[in-house]
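Observations on the three-dimensional arrangement
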Amino acid sequence: MSYAEIETASQPACWQRAAALADGPAAAALPAPGERIAVVGCGTSFYMAQSYAALRESAGQGESDAFAASEFPPGRTYDRVVALTRSGTTTEVLALLKRLRGTSRTVAVTADPRTPVEAAADELVVLDFADERSVVQTRFATSALTLLRAHLGLHSDDVVRDAARALAEPLPEGLLESTQFSFLGRGWTIGLAHEAALKMKEASLSWTESYPAMEYRHGPISIATATTATWMFGEAPEGLPEQVRATGARWVESGGLDPLAELVRVQRLALARAAAGGLDPDLPRHLTRSVVLDGA
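Residues numbered from 1 in each chain as written. Predicted model: local features only at pLDDT ≥ 70, side-chain atom pairs only at ≥ 80, totals over all residues. Heavy atoms only, no water.

On to the overall build of the protein. Per the secondary structure count, the protein includes 10 helices and nine strands. Its C-alpha radius of gyration of 19 Å places the protein within 12% of the 19 Å reference for a compact globule of 296 residues. Judged by the C-alpha coordinates and their principal axes, the protein covers about 55 × 40 × 40 Å. Residue burial in the protein is summarised as follows: out of 296 residues, 56% are buried. Looking at the protein alone, contacts between residues at least 24 apart form 71% of all its contacts between residues at least 6 apart. For the protein, the distance from the average site of its 27 positive side-chain charges to the average site of its 36 negative ones is 2 Å. (Helix = DSSP H or I, 4+ residues; strand = E, 2+ residues; numbered from the N terminus. Rg over C-alpha atoms; globule rule 2.2 N^0.38 Å. Buried < 20%, exposed > 50% of the residue type's maximum accessible area, 1.4 Å probe, protein only. Contact = heavy atoms within 4.5 Å. Lys, Arg positive; Asp, Glu negative; His and termini not counted. Charge placed at Lys NZ, Arg CZ, Asp CG, Glu CD.)

Written as structure tokens, this is what we have:
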């Protein structure tokens, strides 16, 4: 088995451990209700940041923005900035944390505290049990979001059970042969849709795209055809499943799974397509575990 397969399968246990931290030592480092916050990351971590920010603000916990670390608005201050960084070495994240020192309190959620992020952030939350050997992120990202959901009071044992179901049940038929995938979300699941598209690209070189669900009708649906699949995270807008099916495209929905568990199904599909194509999902082309820029 690849490391990516092992790490994907370990997610239910990792989510249980991450959720337990939310009421323990990590609680004081994470945003308090009413704080104005920003959440930052790169790649997968940016998409998890988007999901958390949307969840927190919709829960009435306070204004919550999400940015790619390289796009953080100059001069803007927050009560707290949360940085998601598996490796603790990503250049853009470290540069931002150093820039914010003394202006906004910072906390980094990381898998490896023995890295430059330890000195760059004011506080650390360590998910070392969710670290990964595969370049492609699975369990660290979902464990970080589980920690943050649990801190908001939005996690339950049902989510973990849904993840176990997502690992055990057969994947929808016909997806190995699909030529293109569109992933859709609403609210906090838009970030999950973006991450699903990224996972399929990284692991299996699949052609993918992702959108807020209501935006799909505004142009992107034009690519839907008998060989494509449209995959919805969460509840679909009224009429959209029927409209997609009318194009001949395959419509895929959660089947009652929590949206984060639905992401596990996409991870499994990405690995299956990688295997079918003779690809190594642990070492996707042109990618490394962390982007470290010379001279930055």
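In this fold, Ser-254 is placed in the loop between strand E9 (250-252) and helix H10 (259-276). If near-sequence neighbours (up to four positions away) are discounted, Ser-254 is found in contact with Met-232, Glu-262 and Arg-265.

Attention now moves to the sheet that holds strand E6 (residues 180-185). Within a sheet, neighbouring strands are paired by backbone hydrogen bonds and run either parallel or antiparallel to one another. Pairing within the open sheet is parallel, and its four strands lie in the order E7-E6-E8-E9. Edge strands, defined here as strands with exactly one partner in the open sheet, are strand E7 (208-212) and E9. Neighbour-to-neighbour, the strand axes of the sheet open up by a mean angle of 20°, direction not taken into account. Against the sheet, H10 engages E6, strand E8 (228-232) and E9, with an angle of about 155° to E8. (Pairing = 2+ DSSP bridges. Axes fitted to C-alpha atoms, helices over the stretch in contact; angles between N-to-C directions.)

We now examine H10. A rise of 1.5 Å per residue sets the reference length of H10, with its 18 residues, at 26 Å; its end C-alpha atoms lie 26 Å apart and thus fit the reference within 8%. Of all 18 residues in H10, 14 are buried, a share of seventy percent or more. Where H10 begins, one side-chain oxygen reaches toward the backbone nitrogen of Leu-260, 2.9 Å away; that side chain belongs to Asp-258. (Expected span 1.5 Å × (residues − 1). Polar contact = N/O pair within 3.5 Å; in protein donor to acceptor, adjacent residues only side chain to side chain.)

Our next topic: the sheet that holds strand E3 (residues 80-85). If you trace the five strands from one edge of the open sheet to the other, you get E2-E1-E3-E4-E5, paired in parallel fashion. Single-partner strands in this sheet number two, and they are strand E2 (64-68) and strand E5 (123-126). Averaged over all adjacent pairs, the angle separating strand axes in this sheet is 20°, with direction ignored. Pairing of strand E4 (residues 105-110) with E5, which is carried by four bridges, proceeds in the parallel orientation. Directly across from Thr-110, in E5, lies its bridge partner Val-126. Sitting on the sheet, helix H4 (residues 91-100) is in contact with strand E1 (37-41), E3 and E4, with an inclination near 160° to E3. Its contacts with the sheet put helix H6 (residues 139-151) on E3, E4 and E5, and the angle it makes with E4 is roughly 135°.

Okay, the environment of Leu-240 next. Along the polypeptide, Leu-240 turns up in helix H9 (residues 240-246). The residues touching Leu-240, leaving out its near neighbours within four places in the chain, are Leu-184, Ala-213, Tyr-216, Arg-217 and Trp-251.

Taken as a whole and assessed by the stated rule, the structure comprises seven aromatic pairs. A centroid spacing of 6.3 Å and a plane angle of 45° characterise the contact between Tyr-211 and Tyr-216, whose relative ring orientation is tilted. Overall, Tyr-216 belongs to the buried group, its relative accessible area being 0%. The cationic tip of Arg-36 hangs over the ring face of Tyr-78; the distance from NZ or CZ to the ring centre is 4.4 Å. (Phe/Tyr/Trp six-rings, centres within 6.5 Å; stacked < 30°, edge-to-face > 60°. Lys NZ or Arg CZ within 6 Å of the ring centre and 35° of its normal.)

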